[in-house]
Amino acid sequence: MFSATVLEHTARPRNVGELETATHHGIAGVPGDGPYMHLWFEVEEGVIQRASYSTYGCPSAIASGSVCAEILPGRTVTQALLITSKDIQLLLGGLPEGKEYCANLAIEALRDAFSE
C-alpha cells in the first residue's frame with residue numbers, strides 16, 4: 001500500500017527531466033537493466049540552486065526521485081550528503097515492503113553526483 005505522499009508524487013512528480021544548467025550529474029542503477037535513477041544539480045558557491053531527476057521504475061522510484069529533487073535546492077552540498085534513504089522514506093510516509101531500495105537509488109545517485 002502506498003502512502004498519500006507517494007501517490008501525490010507519482011501522480012504529480014516534481015522536477016522531472018534533465019536539467020540543462022546542471023553542474024553535477026549522478027546515476028544509480030544500470031539504465032536498460034532494471035530500475036535506475038539520474039539526478040542533476042545546479043550548484044553555485046556550494047549551494048544547490050536547482051535539482052531534477054529521471055528514473056525508470058515503479059511508483060516508489062518516481063516518488064523517491066521527486067521528493068529528493070524537491071527538498072535539495074537551498075541546501076549546501078555538505079547538508080545534502082547527510083540525507084539518507086531513511087530520510088527519504090520518512091518524507092514519503094514510508095514505502096511498501098521490498099521497495100526501500102527505491103529511496104536508496106536516489107541517495108546513491110546523489111552521492112555519485114558529488115563523488116568527484
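Reference entry: report on the structure contained in this document. Worth saying up front: this structure is predicted, and the values here are computed from it rather than measured.

Overview of the nonpolar core
Then comes step 1: Ranked by size, the top nonpolar core spans 29 residues in total, and within it Leu 39, Phe 41, Ile 48, Leu 72, Ile 88, Leu 110 and Phe 114 carry the most contacts.
Then comes step 2: Of all the secondary-structure elements, those providing two or more residues to this core are strand E2 (36-44), strand E3 (47-56), helix H2 (59-71), helix H3 (77-80) and helix H5 (101-113).
Then comes step 3: If one sorts the elements of this core by residue count, H5 sits on top with seven residues.
Then comes step 4: Those residues in contact with Leu 72 that sit more than four places away from it in its chain are Phe 41, Ile 48, Ala 80, Ile 83 and Leu 110.

Focus: the packing of H2 against H5
To characterise two packed helices, one gives the angle between the axes of the helices and the distance between these axes.
Then comes step 1: Relative orientation of the contacting elements H2 and H5 amounts to 40 degrees, with a least axis distance of 8 Å. As summarised for this structure, H2 and H5 are arranged oblique, according to the angle between their axes. The two elements H2 and H5 meet at a crossing, and its hand is right-handed. Between H2 and H5, the residues in contact are Ser 60, Ala 61, Ser 64 and Cys 68 and Cys 102, Ala 103 and Ala 106, respectively.

Quick notes on the side chain of Gln 89
Then comes step 1: Within the secondary structure layout, Gln 89 lies in helix H4 (residues 85-91).
Then comes step 2: Note on Gln 89: relative accessible area 13%, which makes it buried.
Then comes step 3: Apart from the residues within four sequence positions on either side, Gln 89 is in contact with Gly 94, Leu 95, Glu 100 and Ala 103.

Points about the sheet that holds E3
Then comes step 1: With antiparallel pairing, the three strands of this open sheet are ordered in space as E1-E2-E3. Two strands lie at the open edges of the sheet, namely strand E1 (24-29) and E3, each paired on one side alone. The sheet shows a mean angle of 15 degrees between the axes of neighbouring strands, direction not considered.
Then comes step 2: Here nine bridges tie E2 to E3, and the two strands are oriented antiparallel to one another. Within E3, the position partnered with Phe 41 by the bridge is Ala 51.
Then comes step 3: Where H2 meets the sheet, it contacts E2 and E3, and its direction lies at approximately 170 degrees from that of E3.

A word on the pairing of E2
Then comes step 1: The buried fraction of E2 is high, at eight of nine residues.
Then comes step 2: Hairpin connection of E1 to E2: six residues between the antiparallel strands, including Gly 32 at a positive phi of 90 degrees.
Then comes step 3: Here E2 folds back onto E3, and the loop between the two strands holds two residues, one of which, Glu 45, carries a positive phi near 50 degrees.

So, how was this worked out
Residues numbered from 1 in each chain as written. Predicted model: local features only at pLDDT ≥ 70, side-chain atom pairs only at ≥ 80, totals over all residues. Heavy atoms only, no water. Core = buried A, V, L, I, M, F, W, Y, C linked by side-chain atoms within 4.5 Å. Buried < 20%, exposed > 50% of the residue type's maximum accessible area, 1.4 Å probe, protein only. Helix = DSSP H or I, 4+ residues; strand = E, 2+ residues; numbered from the N terminus. Contact = heavy atoms within 4.5 Å. Axes fitted to C-alpha atoms, helices over the stretch in contact; angles between N-to-C directions. Parallel < 35°, antiparallel > 145°, perpendicular 65-115°, else oblique. Left-handed = near helix turned anticlockwise from the far one by under 90°. Pairing = 2+ DSSP bridges.

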